[in-house]
Each structure stands twice: as structure tokens, then as C-alpha cells.
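Architecture and fold: a report
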Amino acid sequence: MESSDVELDLQRSVQAVLRELSAQAPALQSNRGMWRWSLHKKVERDPRKSPVLVRILLRELEKAESEDARHIIIPLLHTLMYVLTKATGITEELHRRTYAFCMRLLTLPAPYCTIALDCAIRLKTETAVPGTLYQRLVIAEQNLTSELYPYRESALLLEIEAAQGQQTPEACMRHVISHALQAALGAACHAGALQRKLLASSRPALEGYFHAVVTAVEQMAREPSPSREGHLERLEEIYCSLLGPPPAARGRCGGDPLQDRALSVPLPSPRITFHLWTDEEQLWKELVLFLRPLTQLRLSADLEALDLQGLLPDWELARASMLSTDSGIVRDLPLAADELLTPGSPEAERAGLQRKGGIKKRVWPADIMMPSSWDGPLGLHRRTGRPSGDGELLPGISRLHTARVLVLGDDRMLGRLARAYCNLRKREAQRFCLTPRLSLQLYYIPLLAPETSAASRRSELGELAAFLGRADPWYESIINTLCPTIHKLAEMPLSLDTSQTVDPFILDAITYYVRMGTQPVYFQIYTVKIFSGDLSQDPAEDIFLTELKVKIQDSKFPKDSFSPRRRGVAEGPGAELSICYQKALLSHRNQEVTVSLRATGLVLKTLPASDTEVSGPIYCTPTAAPDTDHTCLRVSVTEIVKTSNLAGRSFSVVTNTFRTTNIQIQSQDRRLLTLSLDKDSCRTYRDVVRFEVAPCPEPCSRTQQSKVLGLSSHQQEMERNKAKAKPLLIPINTFSGIVQ
């Protein structure tokens, strides 16, 4: 195919992606996400198209920048970075143009500047040392052993045997070697001969070549001013050791040009394992099982200083007590013959004040007690100027492992994830063992059951996915469109050929999401305290993420039970409720409102129904709606209004909506309530007379508790208020966070 034809074909594919982002036509809705996948597949089949596609994407990005078409900048930038990570033969000029474009984006607001900074940092290394991004990604995802790059990643979702069949450690090492040499040497690399040589190499020889390439790339990437020429010389030496002297190795002896052209080096799919949700503690257990073998195999020196409590049985944590008969002062110990000191000497005076090495209490800085503070200040976006899982927890201490947890399901499954996440954070606040070693990244792929695929039911069970789709158009295009495809795959008959059991489009979309979805959106978790009509029972506590629904039961509790019936309350439909709530104000001032009304039910939602709905009651523009409204409760009360006229009394139904940060509701006429959390029938509470809802606070560690105990009463109150003001947020990763 001629170069002009190649460029025209790729240009049409890029324009199709842009029309998908800009248009709302039904014809394009059915194929959303497929255009991006087909674009990447064209480059994978023929790697010579990669530089052409990079130029086209750069041209479209610069055009979007000049026309201020910001809605397409982030999708195109993610597409460009994905191509640069996998491609070989990209010139230094293209790398520098992309880097310069990312630097210009730093003047834009978040999330554009956040993503641009992350891309610029990675591009700076890739420009000087081509192949670094590919090498680090494969080593981390495939758990290849490397002393210079010890980072590990794992995705917990489903196990895809067909995808893993070709991903042996030997195959991954061959991919790393081939990609590094082709990226550095370009056309001088005899790709066919290199591939044959690697296939014929034994495992020890292959490991030697692999470690030599990784060492050359990582050492040059860590240089303060990495040199592309120096990197080329080091990889030329490795290349010549593989294929002989330089003239023959560079393919300058008149070899077959078809054999000398660049071969496609696939980017192996990450290791993904499937786990069926059966236990509340399953998230904790899977993270421990993921970290334990890595901890046993290798721990960096900085992490060996931290205790391993939580990963070991309780009896292993026990410490034997020993009776000490000395005072612990060095001058009281007998000295050896060569250690005798002259009386009155300065050494003798210092020795008299020294103590033996004992157990030192580790004191953590106050700003790292809560794990959320390690990723920057609280907000909708975290700082992403570093690779995921590669950030320093303390000076000199890095988290080497990243667990990417993907959840498939609807809002009910997200409610269970929120409970598991809350329990994990509470456990970490007490033991503090997983978080220093592990970076936890959460991802969500909406999947509704086939029987609930009606439009009304989908909108009810997929509210959080719809919110993420409105906040991030690229998430809507890539992830929210996977549900029909997954259902079609599930309905296909089983095949004995395991190579056909994996849909390449679904696998590629999940892989793309895991690798490029680095920007989290934080959602507030709410806690509910439930009081039963039975006074002998203690109040129950639970949490919810998206919705709490209240229904009125037909039964009543006894008169001598929790709350007496109010006088003058007329019988009618629904129940008489007393509602006390803290009004949500932009000024964050405390304004408490107490009302009594008759209602047939109410719903507490944490997400706005649509962007247009938010612009009125909360006094903000639709573009700013996701920033403010998803941090407060939206309460809808179905109120019964009694009217009197000549025909007699009548009742009308009115739905009132207000916003609050916390709320208390109590039944006043002995009517019992039923609470349903996160639309989950398994999380239903009956015979409720009162409940209280408030933002779930960040768990407090024992270190903070002991610190508070040593303060004065006034300081203790200030510390507690500071801790209460910090809510517990759960992050769900998307491609861009919330686009302003």
C-alpha cells in the first residue's frame, strides 16, 4: 500500500473516532469503542504505520488546541501515548513534538494539566531512552525478575486462558529484547534474524540477554541527563553479541529487504485473574495472597525495615520476653581487653551516658497517617506526576506493587465494594501493613444482568456508570458500551477450541482501561445508624455508596416501645415522620432544619440524576455540577398533603427534594420503616423506627489515638474535630477524571 493510501486510511479511522466523540447519532452509538480498537489493530499488524499515525494524531491535537476543542484532547492524547508505548521506529523529532505539546497543556485547568504532566514526564524518558515505557510495562505486568525495576502489577478480574497461553516468561523476555533493540536501532535492526536468534536461544542465554537489555535501559533512564547516542552505543553492543559483527548485524550485507523490515512486537496482555465475590473480607484476602509470595521472594532494603504484621499469623507476631539483669547503661557492662578506656578520658565520659541499642518506637509523620494523603490533597483528582505504584511513601521508601481491582456488576456490586473498602481501611488504620507496600487502584466496568436490561431498570441499577459517563466522555465511549458485547459473548455456544474463547475486543478494552485509566473520581461513602423497634437490640451500623431507600411498613410497633405516638396526628396513608437535617450550603455554614410531615417513602441518593438538574437548587453551572453535587445527599420525599374542601378531606402526593450533608429521620406514629441500601435486596433492614445518615469518617489509626490521649482537653477536641472533618472517599479510576 502506498504511503499516501496508508495515511488516508489512518486519517479516516481517526476522524471516525472524533465523530464518535462529537456526535450523538444512533448509528455511531452502536459501534462506540470499536473505532479506537480497529485503529490500534491496524498499527499492530503493520508497525511501519506507527510514525504515520503519530503524525496524524499530533496534527489533530494541535488543531484541537488552536480551536479550543478540549473535549477531544484527552481521548486523542491517551490514544497517542498508547501508540508511542507499543511502537518502534518513532523518530526523536516526533517525541519532542509530543513533549512540547504536553508542556503547552500545563496552562490548562485540571484534568488537562494533570494528564499532560504525567505524559510529559514519561515522554522525557522515552525520548532519550526509546523503549523504556514498553519495557517497564511488560516487566511490571508479567512479574519478570529485575533488580533495577522491581515493580509489580496485578489485575484481579477474570482469568483469560487463551490470552495467557502465549505469555510465558521466555516469550515476554523475547518481546522486551526485540522491542528495545528495534526502538533504539530503527532500520539498522535486522528484525527477522534477531527473532530467529532469540527463538533458538536457551533459557539461561535468553535471561542473560534480557538482563543486559534491562540494565542498559534502566541505567541510562536514571541518568540525570540521559543521552540517546550513549543508549544507542550500549544496545549496539548487545545487538552485535547476538548477531555477530556490526556490518552483518546491521543488515548491510545485501540481505532480503523483506526480512530486514521491522516486525510487530506484541504488547502482552496483563495477567488478569477472576474471583467470584463470596465474602466481605475477600478483597483483603486477595491482596494479602497477592503480596505474600512477592514479599517472601524479595523485599527491598527500605521495606525490610517495616514490620510484616497482618501478613503473618498471630503466633508469629508474639515476641518472647526475656529477663534483663543489667541496667542497660554501657558503663555497667564488663569491657573486653581491647575496649578498656582511660579513666577521665572524653571517651569514658561519653560511654557513661550511652545506652545499649534497644527497641525504638517508630513514629510516623502526622501527614501520612491516613493513606489517602499519600496521593496528594483530597479532591476530585490526585496528582499523577509519577507512575502508578511508584510513589514514595516516606523518603527512601517506595511501594513496589500495584493491585488493580476491576469490579464487574451494577450499583449493588459497587455497594459491596464500598463495604469491603471501608473494612480494609479500618483494618489498615489499626495494622498499617498492606498500604506501605501496595498501591490499590479500583476500576469499574458496568455489567447488568440480561433480565434487567430494560431501559428503566438499566437506569436504576447503573446510576454510577451513567455519572462516570457524563463526567468522562472517553469512559462513556470505551467502557459503558461493553455491556452489550459481553452479553453477546455469553450467549455464544461453547467452543472446544480455547483460542476462540476470548473476544479480542473485550480483552483489548479492559487492558486499555487498566493501563490508561489513571485518573480517579472520588465518591463519598455514607454511614447509616439504624435503630430497631426492639429496645433490646443494639443499633446497627452500615454504609452505602449510591442510594438508601425508605419504605413504610403496614405493621406498627407497640405503644410502650421506642417512640410514643404524637397527639393530634390523624390517620391516613403513609407515616408521620420527623426529619432533622443539616442543610447543604455553598458557604459550608451549619444550618439545621427540622420538619414534620406525612410521607409514603423517601429516597436518599448520592449522585445527581443529570447535569441540568444540578444547576438550579445548588446554584452552580452545569459544568461545575459534578464537583459539588456528588459530595452531598439528594433527598426526595414523597409527601402526603391533606386538603379540606366542601366535598370533604382529600390527600394529594407531592415530591419534595432537598440537599443535605447529614440527616436524622424518626417515625412519629408507630409506623415501622424498611431500609434498602444500594438497591441490594441482601442489605435490607426491617422494623426500623429511626435512622441517622452522615458522611463516613476516615478511620483513625491507633497512632493518632495515642497522640490524642497525650494532649490537653482543648487540643484533644481540636484533633478530633480535624479527624471528623476528613471524610472517607472511594476512588474509581477513569481516563480523565471529571472534565470541566
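1. As for the overall build of the protein chain
A tally of helices and strands in the protein chain yields 29 helices and 17 strands. A total of about 35700 Å² of accessible surface is found on the protein chain, and carbon and sulfur atoms cover 54% of it.

2. Let's talk about the nonpolar core
Membership of the largest hydrophobic core comes to 100 residues, with the highest contact counts inside it found for Leu468, Phe523, Ile525 and Phe735. Among the elements that line this core, the one with the most residues is helix 5 (residues 73-86), at 9 residues. The next biggest cluster of nonpolar side chains, apart from the first, holds 37 residues, and it includes Ile139, Leu144, Leu198 and Val217.

3. A word on the pattern of salt bridges
Inspection of every chain in the model, using the stated rule, returns 34 salt bridges. Asp46 serves as the salt-bridge partner of Arg48, at 3.1 Å between the closest nitrogen and oxygen. Where Arg97 meets Glu62, a salt bridge forms, and the shortest distance between an N and an O atom there is 3.2 Å. Within this pair, whereas Arg97 is found in helix 6 (residues 92-105), its partner Glu62 is found in helix 4 (residues 50-67), the two being separated by 35 residues in sequence. Under the relative-accessibility criterion, Glu62 is labelled partly exposed at 27%. Members of the salt-bridge network, linked through shared partners, are Asp411, Glu463, Glu547, Lys605 and Lys679.

4. As for empty space enclosed by the protein
In total, this model carries 4 cavities of 30 Å³ or more according to the counting rule given. Its volume calculated, the second largest cavity comes out at about 60 Å³. Looking at the second largest cavity, the residues that line it are Leu84, Ala87, Thr88, Gly89, Ile90, His95, Glu126, Pro130, Gly131, His179 and Ala183.

5. Quick notes on the pairing of strand 8 (residues 526-532)
Among the 7 residues in strand 8, 6 count as buried, and that is most of the element. Here 7 bridges tie strand 8 to strand 16 (residues 684-695), and the two strands are oriented antiparallel to one another. Bridged to Ser532 within strand 16 is Val688.

6. Details of helix 22 (residues 463-471)
For helix 22, the tally of buried residues reaches 7 of 9 residues, placing the bulk of the element in the interior. Looking only at helix 22, the buried set comprises Glu463, Leu464, Ala465, Phe467, Leu468, Gly469 and Ala471.

7. Some points on unusual backbone geometry
The amide bond that connects Ala110 to the next residue, Pro111, takes the cis arrangement and shows omega of 10 degrees. If you trace the backbone, Pro111 turns up in the loop between helix 6 and helix 7 (112-128). For Asp68, which is not glycine, the phi dihedral falls at a positive 60 degrees. Tracing the backbone shows Asp68 in the loop between helix 4 and helix 5. Residues other than glycine seldom take positive phi values, yet Asp678 does so here, at roughly 55 degrees. Position of Asp678 among the secondary structure elements: in the loop between strand 15 (671-677) and strand 16.

8. What to know about the environment of Arg686
Among the structural elements, Arg686 can be located in strand 16. Residues Arg686 and Ser676, spaced 10 residues apart in sequence, show a C-alpha to C-alpha distance of 8.8 Å. Excluding anything up to four places from it in sequence, Arg686 contacts Gln553, Leu673 and Thr674.

9. Section: the side chain of Gln142
Mapped onto the elements of the fold, Gln142 is located in helix 8 (residues 132-142). In terms of polar contacts, Gln142 uses its side chain to reach the backbone carbonyl oxygen of Ser269, at 2.8 Å. Not counting chain neighbours up to four residues away, the residues in contact with Gln142 comprise Gln167, Cys172, Pro268, Ser269, Pro270 and Arg271.

10. A closer look at the state of the cysteines
Scanning all chains against the criterion turns up 0 disulfides. Cys119 supplies the cysteine sulfur nearest to Cys102, a cysteine that is in no disulfide, at a spacing of 5.0 Å. Judged by its relative accessible area of 0%, Cys102 falls in the buried class.

11. A few points about the packing of aromatic side chains
One pass over the structure, following the stated rule, counts 10 aromatic pairs. Centre to centre, the rings of Tyr149 and Tyr151 are 4.8 Å apart; their planes meet at 65 degrees, and the pair counts as edge-to-face. You'll find Tyr149 and Tyr151 in the same group, each marked buried. Between Tyr526 and Phe544, the aromatic rings sit 5.8 Å apart at their centres with planes inclined by 20 degrees, giving stacked as the arrangement. Taken together, the residues span a long stretch of sequence, with Tyr526 in strand 8 and Phe544 in strand 9 (residues 540-544) at a distance of 18 residues. Side by side, Tyr526 and Phe544 carry an identical accessibility label, which is buried.

12. Here's the deal with the packing of helix 10 (residues 169-185) against helix 12 (residues 203-221)
Where helix 10 meets helix 12, the axes come as close as 9 Å, and the angle between the chain directions of the two elements is 40 degrees. Taken together, the axis directions place helix 10 and helix 12 in an arrangement best described as oblique. Remark: the crossing between helix 10 and helix 12 carries left-handed chirality. Touching Pro169, Glu170, Met173, Arg174, Val176, Ile177 and Ala180 of helix 10 are Arg203, Leu206, Glu207, Tyr209, Phe210, Val213 and Val214, all from helix 12. Residues of the contact of helix 10 with helix 12, tallied by class, amount to 10 nonpolar, no polar and 4 charged.

13. Here we look at the confidence of the model for the protein chain
Looking at the protein chain as a whole, the pLDDT averages 75, with 67% of positions reaching at least 70. Here residues 246-259 scores under 50 on pLDDT; set against residues more than four positions off or in separate chains, the count is 20 contacts. Low pLDDT (under 50) marks residues 353-397, which in the prediction has 107 contacts with non-local residues, meaning those over four places away or in another chain.

14. Looking at the environment of Ala694
Relative to the helices and strands, Ala694 is located in strand 16. Residue classification places Ala694 among the partly exposed residues on the basis of a relative accessible area of 27%. It is 9.6 Å that separates the C-alpha atoms of Ala694 and Ile543, two residues lying 151 residues apart in sequence. In this structure, Ala694 is in contact with Tyr526, Thr527, Thr661 and Asn662, ignoring residues within four places of it in sequence.

15. With respect to the environment of Ser676
Inspection of the secondary structure puts Ser676 in strand 15. Excluding residues that lie within four positions of it along the chain, Ser676 makes contacts with Glu547, Leu548, Lys549, Arg683 and Thr684.

Definitions and cut-offs
- Residues numbered from 1 in each chain as written.
- Predicted model: local features only at pLDDT ≥ 70, side-chain atom pairs only at ≥ 80, totals over all residues.
- Heavy atoms only, no water.
- Helix = DSSP H or I, 4+ residues; strand = E, 2+ residues; numbered from the N terminus.
- Areas by Shrake-Rupley, 256 points an atom, 1.4 Å probe, with all protein chains shown as cover.
- Core = buried A, V, L, I, M, F, W, Y, C linked by side-chain atoms within 4.5 Å.
- Buried < 20%, exposed > 50% of the residue type's maximum accessible area, 1.4 Å probe, protein only.
- Salt bridge = Lys/Arg side-chain N within 4 Å of Asp/Glu carboxyl O.
- 1 Å grid on protein atoms, 1.4 Å probe; cavity = no way out; pocket = protein on both sides within 12 Å on 5 of 7 lines; lining within 4 Å.
- Points joined across faces, edges and corners; volume = space filled by probe spheres on them.
- Pairing = 2+ DSSP bridges.
- Contact = heavy atoms within 4.5 Å.
- Polar contact = N/O pair within 3.5 Å; in protein donor to acceptor, adjacent residues only side chain to side chain.
- Disulfide = S-S within 2.5 Å.
- Phe/Tyr/Trp six-rings, centres within 6.5 Å; stacked < 30°, edge-to-face > 60°.
- Axes fitted to C-alpha atoms, helices over the stretch in contact; angles between N-to-C directions.
- Parallel < 35°, antiparallel > 145°, perpendicular 65-115°, else oblique.
- Left-handed = near helix turned anticlockwise from the far one by under 90°.
- Nonpolar A, V, L, I, M, F, W, Y, C, P; charged D, E, K, R; others polar.
- pLDDT = per-residue confidence, 0-100.

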